Amino acid sequence: PLDDFLQLWARLEDNEFGDLDSHQKELGTRRERRLDQWITGYSARWLDESWRIAGDYLANEYLLPGASLSRRDRWAGSIVDPSAGFSQLYQVEVAGKDFGSDVDLVRLTAHLRLVYTPWVDHRLVGRLELGAALISDEDRTSLAPSLNFFAGGSQSLRGYAYQSLGNEVTVTGDDGEPRTLVVGGDRLVTSTLEYQYYLNQNWRAAVFVDAGDAFDDGEFEANIGAGFGIHFLTAVGAVRVEMANSVSDDNPSWRLHLNIGAEF
């Protein structure tokens, strides 16, 4: 039934997080149930992740039980292009050395999005994303890349490359020269404020500002990107073509971003 959902998965993945190449093996299960307007979720996953940094090989295993709470309220407009609504998602995962994991960890995330139309053809979109990985200092460097936080890209901070923002470390390369690597942070704060104007029923223009950072506790540095775009509205949501650059960097270059889908 539509109010009860069960998922089982097995996954092998090679991926890049920031400047780290990661290999993951994962087994997991998740159940979601609808309670009135809220969707509650309970999950458990086993993650075996290995990665390299400056020639060093690191690997950790995690047993991660978790829970989530989410809700989407569409106050006006269509499903794929609401004129007013609010979306919220809260998630927590935990791991413990006494329960099959190599580190003690509490990982928290929150995603909030607001759509509001104060006047006909004038639409505002706001977004806030928060994250924290609570881990002891001695285990900080052994936190797997996929459990760290990164910022940058079309779903995060436009004007920056995908996952280009995060805590950085300096290492010595094979040629003996120092290199700066983006390894991710244990905290995340990103936000968006966007104004959209409907040119007609199929097209709208947009201007936006994104700000935030992925960082280690106490090392926040505001990164700001701004830009403009044109959106074509379809039956599966808007096709958004946008240009943005960094306001925080000197002599930034413009970046092209492409998104497809509804805000919700």
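Starting afresh in each chain, residues are numbered from 1 along the sequence in its written order. Where totals are concerned, whole chains, interfaces and linings use all residues; where local detail is concerned, this predicted model gives features only for residues with pLDDT of at least 70, and gives and counts side-chain atom pairs only at 80 or more. The side-chain values count all of the structure's non-hydrogen atoms but skip hydrogen atoms and water molecules.

Visitor: Before we move on, can you summarise the sheet that holds strand 1 (residues 4–17) with the specific residues and values?
Guide: The strands making up a sheet associate through hydrogen bonds between their backbones, and the pairing can be parallel or antiparallel. The strand order 1-2-3-4-5-6-7-10-11-12-13-14 describes an open sheet built from 12 strands, whose pairing is antiparallel. The sheet is open, and its two borders are formed by strand 1 and strand 14 (255–261), each paired with just one other strand. Sheet twist, expressed as the mean angle between neighbouring strand axes with direction ignored, is 15 degrees. Strands qualify as paired when DSSP identifies two bridges or more between them. A run of H or I in DSSP counts as a helix once it spans at least four residues, and a run of E counts as a strand once it spans at least two, with each numbered from the N terminus. Looking at chain direction, strand 11 (residues 203–215) and strand 12 (residues 223–234) are connected through 10 bridges and run antiparallel. Its bridge partner lying in strand 12, Val 207 is registered against Phe 228. Angular values range over 0 to 180 degrees, each being the angle between N-to-C directions of two axes fitted as lines to C-alpha atoms, with helices fitted over their stretch in contact.

Visitor: Run through the nonpolar core, naming residues and quoting values.
Guide: Counting 24 residues, the largest nonpolar core has Tyr 62, Leu 64, Leu 105, Leu 143, Leu 147 and Ala 151 as its most contacted members. Contributions of two or more residues to this core are made by strand 3 (38–53), strand 4 (56–77) and strand 7 (122–135). The biggest single contributor to this core is strand 3, with three residues. Pairs of residues are marked as contacts when any of their non-hydrogen atoms sit within 4.5 Å. Every residue in contact with Leu 105, bar those within four places of it in the chain, is listed here: Leu 64, Glu 93, Val 94, Ala 95, Ala 133, Leu 134, Ile 135, Leu 143 and Leu 147. The term nonpolar core refers to a set of buried residues drawn from Ala, Val, Leu, Ile, Met, Phe, Trp, Tyr and Cys, joined through side-chain atoms within 4.5 Å. Exposed residues in this analysis have more than 50% of their type's maximum accessible area, buried residues have under 20%, and partly exposed residues fall in between, with area computed by a 1.4 Å probe over protein chains only.

Visitor: Tell me about unusual backbone geometry, and please be specific about residues and values.
Guide: Located in the positive-phi region is Asp 36, a residue other than glycine, with phi close to 60 degrees. Within the element layout of this structure, Asp 36 appears in the loop between strand 2 (20–35) and strand 3. At Asp 121, a residue that is not glycine, the phi angle is positive and equals roughly 75 degrees. On the secondary structure map, Asp 121 appears in the loop between strand 6 (105–119) and strand 7.

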